[in-house]
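Coordinate analysis (summary)
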Amino acid sequence: WLNGQFISESMAKVPILTHSLQYGSGIFEGIRAYETPKGPAIFRLRDHMKRFIDSAKIYRMNLGFTLEELENGVKEVVKINNLKSCYIRPFAFYDDDHVGVGTTGKKVSTFIAAIPFGKYFSEADKGLRCKVSSWHRIDSTILPIQAKASGNYLNSVIAMHDAHESGYDEAILTDRNGYVAEGPGENIMLVKNGAIITPGMESSILLGITRFSILKMARDMGFEVVERLIHREELYTADEIFFVGTAAEVTPVTNVDGIDIGSGKVGEITSKIRSAYFDIVQGKNPAYESWLTYLN
């Protein structure tokens, strides 16, 4: 789906000097559709597309499409590709090949792609080994972190390189004050004495839609949920740790900086949260039916 028209992937081309390719000035969303007993269902479509529009507003990008038109574009691109489950990527960018940082008067284009997609982490079932990165998470004095913008993720790319080159599966970033922030593309949650603890907005995190969903679900399950500043050393003494995100879903972390978390195996509460999450996204829990958008 490119500017309201359906085209084959091979026809979706932009000039090599496109502004957003040169300067990272695109905005995007990551959304999943899951196979359910009622057919494909998109998880929290409206919330994702509202954030997409908010990101555009922050960067003064005129998308030229309403919320409803964008939602319909997402649904139709899943249908037309006949996908039972998939990853969906809406993306808006400056479709202009004039050299120069300024964006005034530059054309904005929007595309929506849907691709088959399985686990983001191959190690998701056994747990990840993570490294606290020497690179800090950017904050709102540098870039608007609540806009899901392409350029923000250079921060993630360099942290991931650091972790992978050191033999770890993923990075954990701290904020400029040394408090735990998030993973390169995931929010992080700790379990301590039965409570679920996660960094709040003051830790320069992206307020993830999956994060909101997990916190709501956990409270409904009777867990104590705490949002606060988290010191780095609390990672090492946590009973359990897990990442949450559209791509990551619910992924356990079993080792940080070479230190086993708890028993060094996937924890009981992580397993309960993960199982409950998949029941919701796969349409098996009617209490959260409003979070699903069915195509049929």
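Structure shown above.
Scope of this entry: the structure provided in the associated data block. (Residues numbered from 1 in each chain as written. Predicted model: local features only at pLDDT ≥ 70, side-chain atom pairs only at ≥ 80, totals over all residues. Heavy atoms only, no water.)

1. Let's talk about the pairing of strand E7 (residues 170-174)
With respect to burial, E7 is a largely interior element, five of its five residues being buried. Side chains Glu170, Ile172 and Thr174 project from E7 onto one buried face, and the interleaved Ala171 and Leu173 project onto a second face that is buried too. Note: strand E6 (residues 128-132) against E7, three bridges, orientation parallel. In the strand pairing of E7, Cys130 is matched with Glu170. (Buried < 20%, exposed > 50% of the residue type's maximum accessible area, 1.4 Å probe, protein only. Helix = DSSP H or I, 4+ residues; strand = E, 2+ residues; numbered from the N terminus. Pairing = 2+ DSSP bridges.)

2. Description of the environment of His164
Mapped onto the fold, His164 is located in helix H4 (residues 154-165). In sequence terms His164 and Lys131 are 33 residues apart; their C-alpha atoms lie 8.9 Å from each other. Apart from residues lying up to four places away in sequence, His164 is in contact with Asp169 and Glu170. (Contact = heavy atoms within 4.5 Å.)

3. So, H4
Compared with an ideal rise of 1.5 Å per residue, which puts twelve residues at 16 Å, H4 spans 16 Å between its outermost C-alpha atoms and is within 8% of the ideal. Listed in full, the buried residues belonging to H4 are Asn155, Ser156, Ala159, Asp162 and Ala163. Taken around the axis of H4, the buried residues stretch over an arc of 125 degrees, which confines them to a single face. Relative to its buried face, H4 has exposed residues pointing more than 90 degrees away, namely Leu154 and Glu165. Close packing links the buried residues of H4 with E6 and E7. (Expected span 1.5 Å × (residues − 1). Arc of directions from axis to C-beta.)

4. Looking at the packing of aromatic side chains
What the rule picks out here adds up to eleven aromatic pairs. With a centroid separation of 4.9 Å and 40 degrees between ring planes, the pair formed by Tyr87 and Phe117 is classed as tilted. You can see Tyr87 sitting in strand E4 (residues 86-94) and its partner Phe117 sitting in the loop between strand E5 (108-115) and E6, a full 30 residues away along the chain. Classification of Tyr87 by relative accessible area gives buried; the value is 12%. Among the aromatic residues, those joined into a cluster by ring pairs are Phe43, Tyr277, Phe278, Tyr288 and Trp291. Taking the ring centre of Trp291 as reference, the NZ or CZ of Arg44 above it sits at 4.4 Å. Its end group placed over the ring of Phe212, Arg211 keeps NZ or CZ at 5.9 Å from the ring centre. (Phe/Tyr/Trp six-rings, centres within 6.5 Å; stacked < 30°, edge-to-face > 60°. Lys NZ or Arg CZ within 6 Å of the ring centre and 35° of its normal.)

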